[in-house]
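What follows is the residue order along each chain.
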Amino acid sequence: ELKHAQRVLVEDNVLEGNWLQAQTGSAVLFTVRAGQSGCHSVVNDVTFRNNVIRDTLSGFSLLGYDDGSRDGCHGESQRVAIEGNLIIKSPTTKPPHGVDVSWGPGTQDYTLRNNTFAWQTPCRLGLFFNGKKPVGSGIVITNNVFCQPTSGDAVRAMRTLTKFIPDPEPID
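From a predicted model like this one, the values you see are computed outputs, not experimental measurements.

Enquirer: Quick question: what am I supposed to make of the nonpolar core here?
Expert: If you look at the biggest cluster of nonpolar residues, it comprises 24 residues, and the most contacted ones within it are Phe30, Phe60, Leu62, Ile82, Val101 and Trp103. Contributing elements (two or more residues each) for this core: strand E3 (26-31), strand E4 (42-49), strand E6 (58-63), strand E7 (76-83), strand E9 (99-103), strand E10 (107-113), strand E11 (116-119) and strand E12 (125-129). Per-element accounting of this core gives the leading share, three residues, to E4. Ignoring sequence-local partners within four residues, the contact set of Trp103 consists of Leu62, Tyr110, Leu112, Leu127, Phe128, Phe129, Asn130, Val135, Ile139 and Ile141.

Printed below as a string of structure tokens:
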């Protein structure tokens, strides 16, 4: 979990096993936490690529600002690339249903490209937009394999993408 980090490269690793405790069960969390790390907290300039994640309840949890901060400090999260990863959920992972990516509001310049989510048991949600606000700007989501269609707040597929990424950048 990155709560306060800048200029980070996580590459060519095997991450195995995580558990559901005080968290949502996601293997990797990019969730800035200004309430815990101070008003100037950031999760910026992060590249997470070519990793294998095994035996997890869910894949990624992304959040662009601290939604739980009570002191007015919210931090920011910008320029994060998640590329070329393989996420494998084991049939023994409990509970039996997970989420590929839970995407919260406020992210800026995030890229989700060339990732594969291979679930050996049924998955509950593929790309899930969490919250009532758009996820942010500069969002690139391309060439990923999700376990289920995109969803969020009772709307499905393209309606979800239109709601949460209202002005998508054209793909060249």
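Enquirer: Can you help me understand the side chain of Ser26 in this one?
Expert: Its place among the elements puts Ser26 in strand E3. For Ser26, a relative accessible area of 8% corresponds to the buried category. In contact with Ser26, other than residues within four places in its own chain, are Asn18, Thr56, Ser58, Gly59, Phe60 and Ser61.

Enquirer: Sorry, what's going on with the packing of aromatic side chains here?
Expert: We describe a pair of aromatic rings using the distance from one ring centre to the other and the angle between the two ring planes. Under the definition given, this model contains four aromatic pairs. Residues Phe60 and Phe117 carry aromatic rings whose centres are separated by 6.3 Å and whose planes lie at 85 degrees to one another, so their mutual orientation is edge-to-face. Linking Phe60 in strand E6 with Phe117 in strand E11, this pair joins segments that are 57 residues apart in sequence. Residue class for Phe60 comes out buried when judged on its relative accessible area of 1%. On the basis of relative accessible area, Phe117 is assigned to the buried category, the value being 4%. Between Trp103 and Tyr110, the ring centres sit 5.9 Å apart and the planes meet at 50 degrees, which makes this aromatic pair tilted. On the basis of relative accessibility, which here comes to 1%, the residue Trp103 falls in the buried class. Within the aromatic cluster, the residues linked to one another by ring pairs are Phe30, Phe48, Phe60 and Phe117.

The rules behind the values
Residues numbered from 1 in each chain as written. Predicted model: local features only at pLDDT ≥ 70, side-chain atom pairs only at ≥ 80, totals over all residues. Heavy atoms only, no water. Core = buried A, V, L, I, M, F, W, Y, C linked by side-chain atoms within 4.5 Å. Buried < 20%, exposed > 50% of the residue type's maximum accessible area, 1.4 Å probe, protein only. Helix = DSSP H or I, 4+ residues; strand = E, 2+ residues; numbered from the N terminus. Contact = heavy atoms within 4.5 Å. Phe/Tyr/Trp six-rings, centres within 6.5 Å; stacked < 30°, edge-to-face > 60°.

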